[in-house]
Structure formats: C-alpha cells, structure tokens
Amino acid sequence: MHLSIFILSFFIAVFGHEDHKHGVSESEHYQKGGHNINYDHDAFLGKSHGHDFDTLEPSEAKRRLKIMIKEVDKNGDGFVSLTELHEWIEYQRKSFMRESIDMIIDRDDDNKDKQISWKEYKYAHYGKWDDEASIDKKLREKINSAKHKFNVADEDFDGKLNREEYMMFRHPEESTRVSLQEIAIDEIIDEMDVNKDRLVDLNEFLGQYVDDRTNPPDWVVEDRKHFAKTLDLDGNGKLDRDEMRNWVLPKLSETKEEANHLIKGADDNNDNNLSYEEILDHYNLFVGSTATDHGKALKFDL
C-alpha cells in the first residue's frame, strides 16, 4: 500500500471526514526494492493479527497454519488456488474493517440498540451545542455534508444505520451504490486538492512530504512511479475526477497482487496451486515464527 494513503487518512481524521482506504497492511508493500514480509503476514492473517505467530516456535507455527489452510481451501480438494487465496486475503481485509466498525458502533451507540442514529453520530463527532446558530460556517458545512451522506447510506430510510449501512457510511468507496462512491471521491478530492481546482497534482498527492530529490524515502519513489505510470492516465501531471475514481474505488488489485505473490513464492512445482505441503514448507512467507524474528506476538487462539 502507498504511504500517501496514510497521509490522506491523517488529513481526513484531522478535518473530520472518514478515511477511505483500508488496505491489507499498514506496513509498506516494498522495502528497498524488495517485498516486505510483514506485509505478507498482515495480508494472510489480517493486519490486526499480522504478528500473532512471531514468538511461536516453527513447529507450533506450522501446526496452527495447517488449521488455517483448511479454512482457505474452500472446496476441500487439498490445494489452495489463486482464487481461494485471493478471496481469503480480501476476507481478511474486510474483517479488519468490520472489527473497526463494531468498535465505533459500541462507542457511539448511546441507547445500545446496535444502530447509529443521526443524533448519536452528530453528538459523538461534532459535540453538543446549546445554540446551534453559533456554529461557524465551515463546521456547519461539514455537518451538513455528513448529514447528506448519512441519509444516502440509510438504505431502508429508518433514520438509523445498521452495521452494514454504517460501514458504507464510513467507507463509501466500498459500496456498490454509485451515489456513495461519488461521495467518497468528492471527500478525498476536497481534502487533497489544496488549490481547489478540483484536480490533484503530484505535490498534493504526496501530501505533507517536503521534497528531497537527492535522497527521497522509498515510499516517495514508489508513489511518484505509481502516480506517473498508473494513475495519471493522460500524462498531464494532474489527476482529474475519473483518474481519482480509478484510485479511490477498490479494484481488488492490491489483494490480487498479494495473492499472486504468495502463490509465486511457495509454488515449488509451478502448477499455479499450493498444496498444504508447499504452504507449510514456506510457512515463514505466510505467518512467520521465532525463526523469522519479526517482533512481539499477540494472542491468537486456535
């Protein structure tokens, strides 16, 4: 995942919008030109569990991984296909998203009906005002925009957002509804577009990064390439709305790329499927252990 996504998420958090990019990992995808194994572990285990195997002995890591493989192998044929692995990684990505939504609902749901009303959301995110007429113009605009998005996400028009509706409210780019997708694009352009020309140039795309062309960090090098080769389709140095749409709305490319990488890294007989034995032989690619020494583990119950 590109670090500009995290800069974007920071801006959105500061200014009151929701962050829209939930990739498979918060680790950089590449380090010094190579693939980051922490990214692989987050992708396979889910980024809230990416370090769960780090303090396990290899034998215990393999035992637990073998149990997980059976869940990945949906058709039970003894092999993990590219499709099955891709679906698993995508499931892990969205599971983290739903875990976050559950925590937010638990925090903001005052009457504990497992739904969020507009009043609950407004009070939790903008506070209570004795005299709402005193709210300044910019804040009022943000509240009105949030109210509009709330109403669009309220698919059953009951005045409350259930778990799925609230997830689409928080992450409209994940919705299949065009109205919410367009809101996601608008919000990100609004936050990145410093000069308000409704276009995003490279400097705006990189966010707060202070340019150092003599020794830029790896993520800047990667983001510049990504901007020029993948996002800026017409090569004019700026992203218009359609180009931003291609970036903002998920195309499963990140999870598909990671699934291909894991297949390639463990497919010893080059049949484009992974046997249980191949996965276990390359267990450190998927989960790690004390043998790969990636840090402190969290509890993982199996």
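Residues numbered from 1 in each chain as written. Predicted model: local features only at pLDDT ≥ 70, side-chain atom pairs only at ≥ 80, totals over all residues. Heavy atoms only, no water.

Chemist: Help me get a handle on unusual backbone geometry, residues and values and all.
Modeler: Within the chain, Lys196 stands out as a residue other than glycine whose phi angle is a positive 60°. Relative to the elements of secondary structure, Lys196 occurs in the loop between helix 8 (178-192) and strand 6 (200-201). Lys196 sits in the exposed class, given a relative accessible area of 56%. For Arg198, which is not glycine, the phi dihedral falls at a positive 65°. (Helix = DSSP H or I, 4+ residues; strand = E, 2+ residues; numbered from the N terminus. Buried < 20%, exposed > 50% of the residue type's maximum accessible area, 1.4 Å probe, protein only.)

Chemist: Can you break down the environment of Arg107 residue by residue, with the values?
Modeler: Mapped onto the elements of the fold, Arg107 is located in helix 4 (residues 82-108). Given the relative accessible area of 52%, Arg107 is considered exposed. Among the polar contacts made by the side chain of Arg107, one reaches the side chain of Asp108 at a distance of 2.8 Å. (Polar contact = N/O pair within 3.5 Å; in protein donor to acceptor, adjacent residues only side chain to side chain.)

Chemist: Residue-level account of the UniProt feature "domain: EF-hand" (unreviewed entry) in the chain, with values.
Modeler: UniProt records the feature "domain: EF-hand" (unreviewed entry) at residues 60-95, 141-176, 180-215 and 219-254, using the numbering of this structure. A distance of 25 Å separates the end C-alpha atoms of residues 60-95, which is 75% helix and 8% strand. (UniProt positions renumbered as here; feature names shortened; annotations may be inferred.)

Chemist: Break down the packing of helix 2 (residues 37-45) against helix 12 (residues 253-266) for me, with residues and values.
Modeler: Relative orientation of the contacting elements helix 2 and helix 12 amounts to 110°, with a least axis distance of 11 Å. With respect to each other, helix 2 and helix 12 are oriented roughly perpendicular. Residue-level contacts link Tyr39, Asp40 and Ala43 of helix 2 to Glu254, Glu258, His261 and Leu262 of helix 12. Along the lines of polarity and charge, the residues of the contact of helix 2 with helix 12 split into three nonpolar, one polar and three charged. (Axes fitted to C-alpha atoms, helices over the stretch in contact; angles between N-to-C directions. Parallel < 35°, antiparallel > 145°, perpendicular 65-115°, else oblique. Contact = heavy atoms within 4.5 Å. Nonpolar A, V, L, I, M, F, W, Y, C, P; charged D, E, K, R; others polar.)

Chemist: Give a description of the packing of helix 8 against helix 11 (residues 241-248) that names residues and reports values.
Modeler: Viewed as axis vectors pointing N to C, helix 8 and helix 11 meet at an angle of 105°, and their least axial separation amounts to 10 Å. Accordingly, the angle class assigned to the pair helix 8 and helix 11 is roughly perpendicular. Contact with helix 8, carried on its side by Glu182, Ala184, Ile185, Asp186, Ile188, Ile189 and Met192, involves Arg241, Met244, Arg245, Trp247 and Val248 of helix 11 and no other residues of that element. When the residues that make up the contact of helix 8 with helix 11 are grouped by side-chain class, the tally is eight nonpolar, no polar and four charged.

Chemist: Could you give an account of the packing of aromatic side chains, with specific residues and numbers?
Modeler: Considering all chains together, one arrives at eleven aromatic pairs under this definition. Between Phe44 and Phe286, the ring centres sit 5.2 Å apart and the planes meet at 75°, which makes this aromatic pair edge-to-face. With Phe44 in helix 2 and Phe286 in helix 14 (residues 283-286), this pair connects stretches of sequence that are 242 residues apart. Each member of the pair Phe44 and Phe286 is classed as buried. (Phe/Tyr/Trp six-rings, centres within 6.5 Å; stacked < 30°, edge-to-face > 60°.)

Chemist: A description of helix 8 should follow, citing residues and the corresponding values.
Modeler: For helix 8, with 15 residues, the first-to-last C-alpha span of 21 Å sits near the 21 Å given by 1.5 Å per residue. Among the residues of helix 8, Leu180, Gln181, Ile183, Ala184, Ile185, Glu187, Ile188, Ile189, Glu191 and Met192 are the ones counted as buried. (Expected span 1.5 Å × (residues − 1).)

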